[in-house]
Amino acid sequence: MTDAEFLTLVMRHQDGALSPKELAALESELRGDAARRRLFASAQVRAQMLHEQFRRAAFRVVSEPKTRHTACRERVRNWLPYAAAACVAMSLLGGWLLARHGTVARLGALENCRWMDSSWNPSRGDALRRGQRVELSAGSAVVEFGCGAVTTLRGPVVLEVLSAKSARLHLGAALTVADTPAARGFTLHTRHSRIVDLGTKFVTTADADGRVRVEVSSGEVVVHADGHPAPQHLSEGASLTLEPGRARVMVRVEHGDGSPAFRFPTLPPPTDGDDADARQGKARITVAAGTLHAPEGRPQDNSAPADVLLDGHGQQDADAPGESAFIEDRSSGALLLDLGAAVRVERIHTYSWHQNPKVESNRGRAHQRYVLYGSADDTAPPVSENAPDAGWEWIAQVNTDEHFGVAQSVAERPSQQVCAITSSNGTLGRYRWLLWWMPRSDNRSMRFNANPFYGEFDVFAAPESKDETTTTETIK
Amino acid sequence: MFRPEEIAAALLAERLPLTAYFASVTRDFHLAEDVFQEVCAKAVARAGEFESAVQLVNWARVAGRNRAIDILRTRDGRHVGLSDELLAVLAEEWPRRAEVDAMHEALEHCLEELTPHNRELLRLRYFEQRRCAEVAERMGRKLETVYQALARLHKALGDCVRGRLKDEEAWA
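Quick notes on the rules
- Residues numbered from 1 in each chain as written.
- Chains lettered and ligands numbered in written order.
- Predicted model: local features only at pLDDT ≥ 70, side-chain atom pairs only at ≥ 80, totals over all residues.
- Heavy atoms only, no water.
- Phe/Tyr/Trp six-rings, centres within 6.5 Å; stacked < 30°, edge-to-face > 60°.
- Buried < 20%, exposed > 50% of the residue type's maximum accessible area, 1.4 Å probe, protein only.
- Lys NZ or Arg CZ within 6 Å of the ring centre and 35° of its normal.
- Contact = heavy atoms within 4.5 Å.
- Buried area = accessible area lost by both parts, 1.4 Å probe.
- Salt bridge = Lys/Arg side-chain N within 4 Å of Asp/Glu carboxyl O.
- Helix = DSSP H or I, 4+ residues; strand = E, 2+ residues; numbered from the N terminus.
- Expected span 1.5 Å × (residues − 1).
- Polar contact = N/O pair within 3.5 Å; in protein donor to acceptor, adjacent residues only side chain to side chain.
- Disulfide = S-S within 2.5 Å.
- Pairing = 2+ DSSP bridges.
- Core = buried A, V, L, I, M, F, W, Y, C linked by side-chain atoms within 4.5 Å.

## Focus: the packing of aromatic side chains
Residues and elements named next belong to chain A. With the rule as written, the count across this model stands at 15 aromatic pairs over all chains. With a centroid separation of 4.8 Å and an interplanar angle of 70°, the aromatic rings of Trp 115 and Trp 120 are classed as edge-to-face. Assessed through its relative accessible area of 25%, Trp 120 is described here as partly exposed. Every member of this aromatic cluster is reached through a ring pair, and the members are Phe 262, Phe 264, Tyr 351 and Trp 353. A cation over an aromatic ring shows up here: Arg 347 above the ring of Phe 460, its NZ or CZ 4.0 Å from the ring centre.

## Focus: the interface of chain B and chain A
Many descriptions give the size of an interface as the accessible area lost when the pieces come together. Taken residue by residue, the interface counts 62 residues in chain B and 52 residues in chain A. Between chain B and chain A, a total of about 6100 Å² is buried, with carbon and sulfur atoms accounting for 57% of that surface. For the pair chain B and chain A, the number of links is seven salt bridges. Going through the elements one at a time, helix H1 (4–13), helix H2 (15–26), helix H3 (29–45), helix H5 (84–93), helix H6 (97–112), helix H7 (116–127), helix H8 (132–139) and helix H9 (143–171) of chain B are the ones with two or more residues in the side of chain B that touches chain A.

## Overview of H3 of chain B
Residues and elements named next belong to chain B. The end-to-end C-alpha distance of H3 is 25 Å, a good match for the 24 Å that 17 residues give at a rise of 1.5 Å each. For H3, every residue scored as buried is listed here: Phe 29, Leu 31, Ala 32, Glu 33, Val 35, Phe 36, Val 39, Cys 40 and Ala 43. Backbone nitrogen of His 30 and a side-chain oxygen of the N-cap are separated by 2.9 Å at the start of H3; the cap is Asp 28.

## Describing the state of the cysteines
Residues and elements named next belong to chain B. On inspection of all chains with the given rule, the structure shows one disulfide over all chains. Shown here is the disulfide that connects Cys 110 with Cys 160, its sulfur atoms set 2.1 Å apart. In this structure, the disulfide formed by Cys 110 and Cys 160 twists by about -90° around the S-S bond and is classed as left-handed. Taken together, the positions of Cys 110 in helix H6 and Cys 160 in helix H9 put the pair 50 residues apart, joining distant regions of the chain. Each of the two residues, Cys 110 as well as Cys 160, counts as buried.

## Focus: the pairing of strand E18 (residues 416–423) of chain A
Two faces, one strand: in a regular strand the side chains alternate between the faces of the sheet. Residue and element names in this part refer to chain A. Counting buried positions over the eight residues of E18 gives eight, a clear majority of the element. Residues Gln 416, Val 418, Ala 420 and Thr 422 point to one face of E18 and Gln 417, Cys 419, Ile 421 and Ser 423 to the other, with burial holding for every one of them. Bridge analysis of strand E13 (residues 249–255) against E18 gives seven bridges, and the strand direction is antiparallel. Paired with Arg 252 across the bridge in E18 is Ala 420.

## Here's the deal with the nonpolar core
In globular proteins that are soluble, nonpolar side chains generally tend to be buried together. Among the nonpolar cores identified, the biggest contains 79 residues, and Leu 11, Leu 82 and Leu 122 of chain B are the most heavily contacted of them. Discounting chain neighbours no more than four positions away, the residues touching Leu 11 of chain B are Leu 18, Phe 36, Cys 40, Ala 43, Leu 56 and Ala 60 of chain B.

So this is what it looks like as structure tokens:
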């Protein structure tokens, strides 16, 4: 059997059209030949990819090439046809919705919907009552609220309608457009937070593990995380991740102005006033796993020593390996910071910057991707890929490509980035040691697996209060 | 020992190769996705039992395969497809996430090189999930021609992806 004949048989198998004799022939080919098994697996995987790529393309409306800072906005634009159609429907419905007892929202456009409850078969225009859940396995559904806010859901997603002006997102992704005066104040609740609209469009994603991400495409929202005294204001282009867990860790990522001043919309530039700065003389940073980049015969491309991260400033140039600390490509690695003593860590800021001066699309080392762990022990626990097993406490996971929606090309990445890790309860925890585990990228594309140019790590600790000292002494 | 969020993250990272494997049993992408979701939920509930990511993914493959066969048996009264033993052999050699991620990116570019007619053929088959007989009818072709055209397109896309991945290596 030739490869072409074999692939034709595989196509018939995918189509569920094999006769018993043909099925036996396919099995015989697969059993006796590893190359055929590989061909079969490739065809299956390719079919799945084609399914997903066509599905993605079907939701994509804008065909213009992405620019570097528009990934978030583009993702929102992809939802807009559904949202726009729903807005028109809303204007027609007027206050009728609210007049009906218990009805606080209505289903709008439904596209290829598969519902988790297969016995539920709703139609466009069906009323949604207070407390009713919309549970979508696949496809897209619009929910039009009485206040005029419109939420577009894309399965898998579970949304509970709470009132004419609020809902709870249990799982999945939802685009909310609430840009009319009546819709201002629309509130989307998640497990540990609520997002209040101030006249905007925003996408909220709630993962099964409790992680929530908010991305704002226009206008402004306020995010209230449970237990956090200060609400987080997010404006156009900004995003925020709320990590699950006891400390309610928040990861905020912003892109800079691409200058040595490292200016960001709301977050500060690198500073020498933090508790890990070299000037303070308390902290020390070392490479705890892997090695820093040092290509043979190209010393000009070598990484700087790790302590460049504590020098109080970022790089002076967009393509400055000698002012950046970065792990060997195609390798994982870890940086270990010793703060000298266990302190209450409040905030951690990490900065990166990379733009190839000759190739505009090459920002291969601009992103940030790490898992951050901490320990208050006198000696650092052993460092390995399975850090929690060795006694490290998980703090947060960062992947700025996720925040900026970088999927297809590194040209979508902002060249200068800051990541701020904070906690809803004020402190991330009490730590002496911080470990940045930087996993090797599994993506075989060099464009994605070059390790990033980090320019500065700033760690801010809470002052040790008198009350705390007194308490400690009393206990003693 | 894994925490539930680590289980979810590990399985989501392997989603595409896993669903592709389940689809080789279900021959239905949506059903394969349902199976994947069920497997995720089961894995999170048994989080304490896994000691490594490899063990977790291997377990997910077996659990998903069994679940997919069960669903087909319940729905159709029987399962007609590759034998358990052969599916197990395939599972051991199934492409992993790293390989699939690289292929995925390259495939998007390769798709752009196809003629609109060929893209439409793939769209009808893999996005709209139409049976080949229906595709043949819509496109005014014979059924056998559609199978052969799909096989040729798979070969062309496979060659294109391999070519692009070689170029990528050189880019570094």
